[in-house]
Structures are given as structure tokens and as C-alpha cells.
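# Geometric and topological summary
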Amino acid sequence: MSRITLSRFLIEQQRSANLLPAELRFLIETVARACKAISHAVNKGALAGVLGEAGTGNIQGEAQKKLDVIANDVLLEANEWGGSLAGMASEEMDLPYAIPGQYPKGAYLLLFDPLDGSSNIDVNISVGTIFSVLRCPDGVTEPTEADFLQPGSRQVAAGYTLYGPQTMLVLTVGNGVNGFTLDRETGSFVLTHPGMRVPAETREFAINMSNQRHWEAPVRRYIGELLAGATGPRGKDYNMRWVASMVAEVHRILTRGGVFMYPKDARDPKKPGKLRLLYEGNPMAWLIEQAGGAATNGRERILDIVPTELHERVAVFLGSKEEVETVTRYHAE
Ligand code: P6P
């Protein structure tokens, strides 16, 4: 059977599902090309002198890794000239990135976490790029922060590239989730995981247990039941995973099920969570829902949240529907 590359897949989506205007197809291909360059840099690691701290910080108050800055620059440079975008926003940049005047503007806004999980870089554990595409409001050619503050339900494309044992790009444009593996010999992303689905039930959960004393009561109740296993109300034993790289956790859940949680905690009651809504929560929530799973902040569907600021945080409970619905129900009780 002939291999279906990302380019062919997108062309066929454009023809069949009419979900992909040419400008959006071009944007997705450009993001994929940038991720290939990031994959190359990540894989070179120490050999290219790209490990370790950049000596700078970002708006999140986090020390930037050299590869955070490299990945961010690769995505900006790859996407600024193509004519698909009116603007970009990144976890690594305080304000939105305006398309330089010498380039044509387009109808879309691109948001990304250029290298999620970068604390894992120096210890050679999987990291990833997360991206989300919104439509720029009609008539806006110089988007401001307000133009990015759209609920995740308005995304037109979302995905991630996981830099793991394989480099894989996983994408949705609103009609399911498909996974592509990078063939380094030809430089193509090849369709290897068509129609990814999240099983409704699971025996695997992912949470950073060291934060347990800071969780709200519904989360402590829910996790307590998982830990009680077959002796408790859930009637089955569970296993736990924590990679500290959201892209790796979400990929595992899209591949074999599970539930991923990063609850808000009592250390900073004003902060609704650790993860970022616009370029982590929203794209991952859409992918999970498109694959038959569920994604809430414990109280409401993540994709319904109307953002109030670009780097807004969010609590995340996503994955196998049965589990997400249970822990969300506990918040309401
Ligand atoms: P902790 C990575 O920094 C990240 O944003 C997600 O990719 C990951 O799931 C989470 O934070 C890990 O957080 O507190 O366990 O280091």
C-alpha cells in the first residue's frame, strides 16, 4: 500500500472534507517543516551545544533552555513570511508577535508552546511542540492580545510534535485525530496512526503526586479511590505514570488510554492551574475530544473557557471519558 504523507493527507482532506482552505493547509505544512528542524536540533543535543540554560527568563518566570529559544525562533522564522498568518503567540514571548511589514498577512493566528517539557531536555526525556490555530477576527490586520482571547472551541487546527524515540506529529482539523511518523530518510511525515481513539475506560492515571497536600478535596477523594484500587469503590487496580512532559502524556493517552491531571492547588489560590490555557490546554483538549475523550478544568469543558489573558493558566483533567466525568462530578458534589 502506498505511503500517505502529511502533504497528501492534507490535500485529500482539502478535497474530501472541505475543512482545509489552501491557506490553512499551507500553514500546517509550514509548522510541520519547522518541527522537523526542531527535531534535528533536539536530536543533536550536546553534540550541537544546544543543551542547558539560555541565561534568560520568560513571562512565566521560568528559566529558558537554549532549545526553548531555538525552537521559538525556528517557528517564528518559518511562519512569518508565508502569508497565512495575521499574528503569532508563544509561551516564550510576553506579547503577540506581529508579522513584519514586508510580508503579506493572512486569516489565521498561530499559538504555540515551542518546546513543552523542556526541563526534560538535559536528561534526554521526550519533549514536544504544541500548536493551535485560530481565525483572526474579520478585518483585523494588526491583531492585539484581545484577538487571541478566543475559546478553544474556535480552533480550526491543533496538534503536537513529540520528539521521542520517534518524532511524531499528531493533528486534528476537526474530523478526528491522525498521527504521522517522521521518516528521516525521506524527510516526510508518514501517516502511521490513522483515526486515533481514546478508550472510554482505563487503568492508568498521570498526576504529580508530590503536590497531593495542595489539592482540593474532590481531587484528593478521586486519587484516593484510584490508589485504593480493587479494594476501593473503583473495583480495579490502577497504574501510574508521570513523565513531566504533557506532550508525552497526551500521546500515551491517545495511544492506549489513561487520564492526565494537573489540578489547581492551594499554594497560589489565585492561579487556576499550572498549565497554560491557550497553547497547552486548548489544543490538547480538542485533540482528546476529537479522539472520543473528555477534557475539563474540574468544573467545565476546557474548550468553553473564554480566556481573559494570553498566558492564562488552567487546571487540566483530560483523557478517558469515564474517569474525567467522575473527577468532574466530584467537583460538583
Ligand atoms: P511538574 C512542563 O513544564 C509542563 O508544562 C507540562 O509539560 C508537564 O505536564 C508539567 O509542566 C510538569 O509539571 O510540576 O510535574 O514539573
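Not measured: the values here are computed from a predicted model.

What counts, and where the lines are drawn
Residues numbered from 1 in each chain as written. Predicted model: local features only at pLDDT ≥ 70, side-chain atom pairs only at ≥ 80, totals over all residues. Heavy atoms only, no water. UniProt positions renumbered as here; feature names shortened; annotations may be inferred. 1 Å grid on protein atoms, 1.4 Å probe; cavity = no way out; pocket = protein on both sides within 12 Å on 5 of 7 lines; lining within 4 Å. Helix = DSSP H or I, 4+ residues; strand = E, 2+ residues; numbered from the N terminus. Buried < 20%, exposed > 50% of the residue type's maximum accessible area, 1.4 Å probe, protein only. Contact = heavy atoms within 4.5 Å. Domains from an automatic or database assignment. Buried area = accessible area lost by both parts, 1.4 Å probe. Salt bridge = Lys/Arg side-chain N within 4 Å of Asp/Glu carboxyl O. Polar contact = N/O pair within 3.5 Å; in protein donor to acceptor, adjacent residues only side chain to side chain. Points joined across faces, edges and corners; volume = space filled by probe spheres on them. Phe/Tyr/Trp six-rings, centres within 6.5 Å; stacked < 30°, edge-to-face > 60°.

In the numbering used here, UniProt assigns the feature "binding site: substrate" (unreviewed entry) to Asp116, Gly117, Ser118, Ser119, Asn208 and Lys274. As for the lining of the largest pocket, the annotated residues named previously contribute Asp116, Gly117, Ser118, Ser119, Asn208 and Lys274. Considering the arrangement of structural elements, one finds serine 118 in the loop between β5 (108-116) and β6 (127-135). By relative accessible area, which is 13% here, serine 118 ends up buried. Leave out the neighbours within four places in its chain, and serine 118 touches Lys65, Asp68 and Val127. Within the fold, lysine 274 resides in the loop between β13 (259-262) and β14 (275-276).

A word on the domain arrangement of the chain. Domain parsing of the chain yields domain 1 (6-193) and domain 2 (204-332). Residue-level contacts link 47 residues of domain 1 with 30 residues of domain 2. Both sides of the domain 1 and domain 2 interface together cover about 2,900 Å² of buried area, and 65% of this is carbon and sulfur. The largest per-residue losses of area from domain 1 upon contact with domain 2 belong to Ile130, Leu149 and Tyr160, which jointly make up 20% of the total buried on that side. Our count for the contact surface shared by domain 1 and domain 2 stands at one salt bridge. The shortest N-O distance in the salt bridge between glutamate 91 and arginine 276 comes to 3.4 Å. The tally of links from domain 1 across to domain 2 stands at 14 residue pairs in polar contact (both at pLDDT 80 or more). When contributions to the side of domain 1 that touches domain 2 are tallied by element, the ones reaching two or more residues are β3 (85-90), β5, β6, α4 (145-148), β7 (157-163) and β8 (167-172). A per-element tally of the side of domain 1 that touches domain 2 places β7 first, with six residues.

Below, the discussion takes up the UniProt feature "binding site: Mg(2+) 1" (unreviewed entry) in the chain. As annotated in UniProt, the feature "binding site: Mg(2+) 1" (unreviewed entry) corresponds to Glu91, Asp113 and Leu115 in the numbering used here. Over a stretch of 25 residues, the named residues converge on one spot in the fold, their C-alpha atoms separated by at most 9.0 Å. For the largest pocket, the lining residues drawn from the annotated set are Glu91, Asp113 and Leu115. Structurally, the position occupied by glutamate 91 is in the loop between β3 and β4 (97-98). The exposure class assigned to glutamate 91 is buried, which follows from its relative accessible area of 4%. Among residues more than four places away in sequence, those in contact with glutamate 91 are Asn58, Ile59, Gln60, Glu62, Phe112, Asp113, Pro114, Arg276, Tyr279, Glu280 and His311.

In this section: empty space enclosed by the protein. Applying the stated criterion to the full structure yields three cavities of 30 Å³ or more. Its boundaries defined by the atoms lining it, the largest cavity holds a volume of some 50 Å³. Forming the boundary of the largest cavity are Phe9, Gln13, Leu171, Thr172, Val173, Asn175, Gly176 and Asn178. Together, Phe26, Leu27, Thr30, Ala78, Asn79, Gly82, Ser84 and Leu85 line the second largest cavity. For the lining of the second largest cavity, the secondary-structure elements that each account for two or more residues are α2 (22-44) and α3 (66-79). The element contributing the most residues to the lining of the second largest cavity is α2, with three residues.

Tallied over the full model, the rule gives five aromatic pairs. Centre to centre, the rings of phenylalanine 9 and phenylalanine 180 are 5.1 Å apart; their planes meet at 70°, and the pair counts as edge-to-face. Taken together, the positions of phenylalanine 9 in helix α1 (residues 6-16) and phenylalanine 180 in strand β9 (residues 178-183) put the pair 171 residues apart, joining distant regions of the chain. Phenylalanine 9 sits in the buried class, given a relative accessible area of 11%.

A few words on the side chain of serine 245. Within the secondary structure, serine 245 is located in the loop between β12 (239-240) and α6 (246-256). Side-chain polar atoms of serine 245 contact the backbone oxygen of serine 126, separated by 3.0 Å. Aside from chain neighbours lying at most four places away, what touches serine 245 is Asp116, Gly117, Asn120, Ser126 and Val127.

Turning our attention to the environment of leucine 191. Topologically, leucine 191 is positioned in strand β10 (residues 188-193). Between the alpha carbons of leucine 191 and leucine 76 there is a distance of 26 Å; along the sequence they are 115 residues apart. Look past the residues within four positions of leucine 191 in its chain and what remains in contact with it is Ile4, Phe9, Asn178, Gly179 and Phe180.

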